Amino acid sequence: MKTKKKWINISILVVLLLGAVVMVFPFYYMFITSLKQAAYVFTVPPQLIPKPATFENYIFVWKEANFGRYFLNSVTITVPGVALNVFLSALTAYGFARYDFPLKEVIFSLLIATLSVPGLLLIIPQFQIVSRFGFLIDNKLTVILTAGAGGIAFNAFFLRGFFEGLPKEIEESAEIDGCNAFQVFWYIVMPMARPAIATLVIMSFLGIWDDYFWPSLILQSKHNWTLPIGIMALKGQHTVRWNLIFAGTMIAVTPVLIIYFLLQKYFVKAVAEGGLKL
Amino acid sequence: MKKRSTRRKIVGTFFVLPGLISYFGWTIYPIIKSFLMSFHKWNINPEIPPLFIGFENYKKLFQDTLFWLALKNTVMYVLVTVPGQIALGLLVALLLNRDVKGRIVFRLLYYLPVVTSWVIVSAIFQYLFATRGGIVNFLLKDVLHLVSADIRWFSQPSMAMVPIYTLGIWKGIGWSMLIFLAGLQAIPREYYEAARVDGAGAWTTFWRITMPLLKPTFVFELVMLTIGGFNVFLSVYVMTGGGPRNATQVLSTYMFKQAFQYFHFGYGAAISVVFFVLVFTIAQLQRVLFKRTEA
């Protein structure tokens, strides 16, 4: 009986290990290909350890292919975009959680009803709105603002429940002590809501950092491009140079991976609760 | 007292106003506008006003063979990837829901594809499925000897959906696993203990206790993954662009092509409206259907 159980445990471990290899191998392969010289990209049998390994692809991509610039653009769009998105969402959710205002529950039902509206339905009119104002096209600020305004419905829905679960008494006593409504929100509620806010920050970060489609419609000139647009441009060239492309994708994915391994607890929560997005 | 509640209403309004303005401007208005646009013919030139043409776009759409092909490909994608993600996600969740060494590490690794962007994983998969020197063909031909010649994954219309299906399942297993793990952990331990006392084996316990109690989780996964599957876009856009000869054209890429390559905004809007109605109906149907069988 005991040996049977042991064997079951070992075979489970083997299955899990094989699965893990399938899940991780593509990432490993991307990484080693980014270290290969062009001549070694399509060898048969494929090289599983790059020999000779080179860092040249990274230098080329960062300098010649402008990924340094794209990285900077991605950061300058993502950081304020996330801040704006989280701030707007938290304000809205807090209003729904603690205050009463005309049509409150009607509007909240509307928010929930539109949760599963695909981005596909929105994108043509959104593009129409933006292109009506010439200065919004090819402007990083447009992407920051639209990123900030995105997903408010889901975020408000997600945070409202959390805010409602916080003890009301602390806010009331702060109010008696002379805090105004915004001070209560900013200095009392937001710090208490830190776990939920962290989850929201991650969700928002992933959405904005990885977004390709919308920014590619708006940011037309090269000096405004973000990392995903740069990757797609490298891919779109006549001779597809995978070693360069993967140096580019490594640059784009590294910040995500670092944050993922550091904040895995919140990450898992974020994507599980965030469901599936386009 | 009355005064205080009025004041609170004003303060509350101020809290929600910025968020709601952006929500109405950036979600509600575009939804309405999409419907309106689908009844118009739009010109690229903004000087020329859109022309109201009633249901013309929809009439054209239902006679458009490419639209039907894109719909078929999208439905196929859903039919293949949704069961695939559910089955494999459940399998991994069941294996991880016991005292396995390195549970946390496994969960972390299986979840990795979920947090990586579609653009990046699609590029990787295109490389894995390359005809000459791609590692998938190497495995099939040179290691396992299952095929005698390299498969032309991306230039053979009958094969082109395979890498897209594979990527869809691979990327979704982690999410599916996580939701099932949450579902499994919500099942009270006493049920299993009672089953053991009654002498039920592992197999009976699984079919009589685990599966029925996981039903809400199944319904949730089914609805979410179906919605997600219909939304398939970037994997196709990055790997094949809808080709070869529209063999991988899906609804979203077809809409993109009509709207942003041909600038047929009205027609594109009509596609997106049909798409929305379809997804919404199917999701509601699934919910109602499975709720009913539960009672």
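The model shown is predicted, which means the values in this text are computed figures rather than measured ones.

A. Just the overall build of chain B, in detail. A tally of helices and strands in chain B yields 13 helices and 2 strands. Whereas a compact globule of 295 residues would reach a radius of gyration of roughly 19 Å, chain B reaches 24 Å, over 25% beyond that. Referenced to the eigenvectors of the C-alpha coordinate spread, the extents of chain B come out at roughly 80 × 75 × 35 Å. Sorting the 295 residues of chain B into buried and exposed places 53% on the buried side. Sequence separation of 24 or more characterises 68% of the internal contacts of chain B that already satisfy a separation of 6 or more. For chain B, the exposed area adds up to about 14,500 Å²; of that, 67% sits on carbon and sulfur atoms.

B. Up close: the packing of helix α8 (residues 189-197) of chain B against helix α9 (residues 202-213) of chain B. Residue and element names in this part refer to chain B. Running from N to C, α8 and α9 point in directions that differ by 165°, and their axes come no closer than 11 Å. Of the possible angle classes, the one that applies to α8 and α9 is roughly antiparallel. Every pair of crossing elements has a handedness; the one defined by α8 and α9 is right-handed. Residues Y191, Y192 and A195 of α8 form the contact with α9, whose participating residues are T205, I209, T210 and L213. Residues of the contact of α8 with α9, tallied by class, amount to 5 nonpolar, 2 polar and no charged.

C. Looking closely at the environment of L20 of chain B. Residue and element names in this part refer to chain B. By secondary structure assignment, the location of L20 is in helix α1 (residues 2-37). On the basis of relative accessible area, L20 is assigned to the buried category, the value being 8%. Along the backbone, L20 and F265 are 245 residues apart, and their C-alpha atoms lie at a distance of 27 Å.

D. Region of the structure containing the pattern of salt bridges. Within this structure, the stated rule accounts for 5 salt bridges over all chains. In this structure, K59 of chain B engages E56 of chain B in a salt bridge whose closest nitrogen and oxygen atoms are separated by 3.6 Å. Pair noted here: K59 of chain B and E56 of chain B are both in helix α2 (residues 56-62), with a separation of 3 residues, about one helical turn. Residue E56 of chain B is classed as partly exposed on the basis of its relative accessible area, which comes to 40%. The structure contains a network of salt bridges with shared partners spanning E105, R160 and E164 of chain A.

E. Local environment of the side chain of Q47 of chain A. Residues and elements named next belong to chain A. With respect to the helices and strands, Q47 occurs in the loop between α1 (2-33) and α2 (56-63). A distance of 2.8 Å separates the side chain of Q47 from the backbone oxygen of K51, its partner in a polar contact. Every residue in contact with Q47, bar those within four places of it in the chain, is listed here: Y29, I32, K36 and Y40.

F. View of the confidence of the model for chain B. When pLDDT is averaged along chain B, the result is 91, and 98% of the positions lie at 70 or above. We note a pTM of 0.92 for the whole complex and an ipTM of 0.92 for its interfaces.

G. Molecular detail of the nonpolar core. Counting 186 residues, the largest nonpolar core has L16, F67, I124, L159 and F163 of chain A together with M177 and F260 of chain B as the members making the most contacts within it. Examining the composition of this core, we find that 14 residues originate from one element, helix α7 (residues 161-185) of chain B, more than from any other. Not counting residues up to four positions away in its chain, the partners in contact with M177 of chain B are G89, V92, A93, L96, R107, Y110 and Y111 of chain B.

H. Region of interest: the interface of chain A and chain B. Taken together, the contact pairs 90 residues of chain A with 87 residues of chain B. With both chains or domains summed, chain A and chain B bury close to 8,000 Å², and 80% of this area falls on carbon and sulfur atoms. Our count for the chain A to chain B interface comes out at 0 salt bridges. The tally of links between chain A and chain B comes to 12 residue pairs in polar contact (both at pLDDT 80 or more).

I. Spotlight on the environment of F265 of chain B. Residue and element names in this part refer to chain B. Within the secondary structure layout, F265 lies in helix α13 (residues 265-294). On the accessibility criterion, F265 (5% relative accessible area) is buried. Residues F265 and S34 lie 231 residues apart in sequence; the distance between their C-alpha atoms is 9.4 Å.

J. A look at a positive patch on the surface. Positive charge collects at one region of the surface, where K2 and K5 of chain A together with R98, R189 and R196 of chain B lie side by side. Counting only elements with at least two residues in the positive patch, the list comes to α1 of chain A together with α8 of chain B. Here K5 of chain A shows up in helix α1. Among the residues examined, K5 of chain A registers a relative accessible area of 59% and is labelled exposed.

K. Broad picture of the side chain of N73 of chain A. All names here are of chain A. Tracing the backbone shows N73 in helix α3 (residues 67-98). Within the structure, the side chain of N73 is placed 2.9 Å from the backbone oxygen of H223, a separation counted as a polar contact. Residues in contact with N73, not counting those within four places in the same chain, are K140, H223, N224 and W225.

L. Spotlight on unusual backbone geometry. Across the junction of V44 of chain A and P45 of chain A, the peptide omega takes the value -5°, indicating a cis bond. Secondary-structure assignment places P45 of chain A in the loop between α1 and α2. Although it is not a glycine, N66 of chain A sits at a positive phi angle of roughly 70°. Take N66 of chain A: it is sitting in the loop between α2 and α3. Unlike most non-glycine residues, F263 of chain B shows phi in positive territory, near 60°. Summarising the element assignment, F263 of chain B is placed in the loop between α12 (251-261) and α13. Judged by its relative accessible area of 33%, F263 of chain B is partly exposed.

M. Structural view of helix α10 (residues 194-210) of chain A. Residues and elements named next belong to chain A. In this model, α10 (17 residues) spans 24 Å end to end at C-alpha, consistent with the 24 Å of a helix rising 1.5 Å per residue. Summarising burial for α10: 12 of the 17 residues are buried, a large majority. Burial in α10 covers these residues: A196, I197, T199, L200, I202, M203, S204, F205, L206, I208, W209 and D210.

N. Quick look at the packing of helix α3 (residues 65-96) of chain B against α7 of chain B. Residues and elements named next belong to chain B. Two elements in contact, α3 and α7, have axes whose closest approach is 6 Å; the angle formed by their N-to-C orientations is 40°. Relative to α7, α3 is oriented oblique. Both α3 and α7 take part in a crossing whose hand is right-handed.

O. Spatial organisation of helix α6 (residues 135-143) of chain B. Along α6 of chain B, the residues classified as buried are I135, V136, N137, F138 and L140 of chain B. For α6 of chain B, the secondary structure elements touched by its buried residues are α1 of chain A together with α5 (118-128) of chain B. Two residues or fewer past α6 of chain B, H145 of chain B is found with a positive phi of approximately 55°.

Rules of the game
Residues numbered from 1 in each chain as written. Chains lettered and ligands numbered in written order. Predicted model: local features only at pLDDT ≥ 70, side-chain atom pairs only at ≥ 80, totals over all residues. Heavy atoms only, no water. Helix = DSSP H or I, 4+ residues; strand = E, 2+ residues; numbered from the N terminus. Rg over C-alpha atoms; globule rule 2.2 N^0.38 Å. Buried < 20%, exposed > 50% of the residue type's maximum accessible area, 1.4 Å probe, protein only. Contact = heavy atoms within 4.5 Å. Areas by Shrake-Rupley, 256 points an atom, 1.4 Å probe, with all protein chains shown as cover. Axes fitted to C-alpha atoms, helices over the stretch in contact; angles between N-to-C directions. Parallel < 35°, antiparallel > 145°, perpendicular 65-115°, else oblique. Left-handed = near helix turned anticlockwise from the far one by under 90°. Nonpolar A, V, L, I, M, F, W, Y, C, P; charged D, E, K, R; others polar. Salt bridge = Lys/Arg side-chain N within 4 Å of Asp/Glu carboxyl O. Polar contact = N/O pair within 3.5 Å; in protein donor to acceptor, adjacent residues only side chain to side chain. pLDDT = per-residue confidence, 0-100. Core = buried A, V, L, I, M, F, W, Y, C linked by side-chain atoms within 4.5 Å. Buried area = accessible area lost by both parts, 1.4 Å probe. Patch = residues over 30% accessible without salt bridge, like charges linked within 9 Å, V, L, I, M, F, W, Y side chains within 5 Å. Lys, Arg positive; Asp, Glu negative; His and termini not counted. Charge placed at Lys NZ, Arg CZ, Asp CG, Glu CD. Expected span 1.5 Å × (residues − 1).

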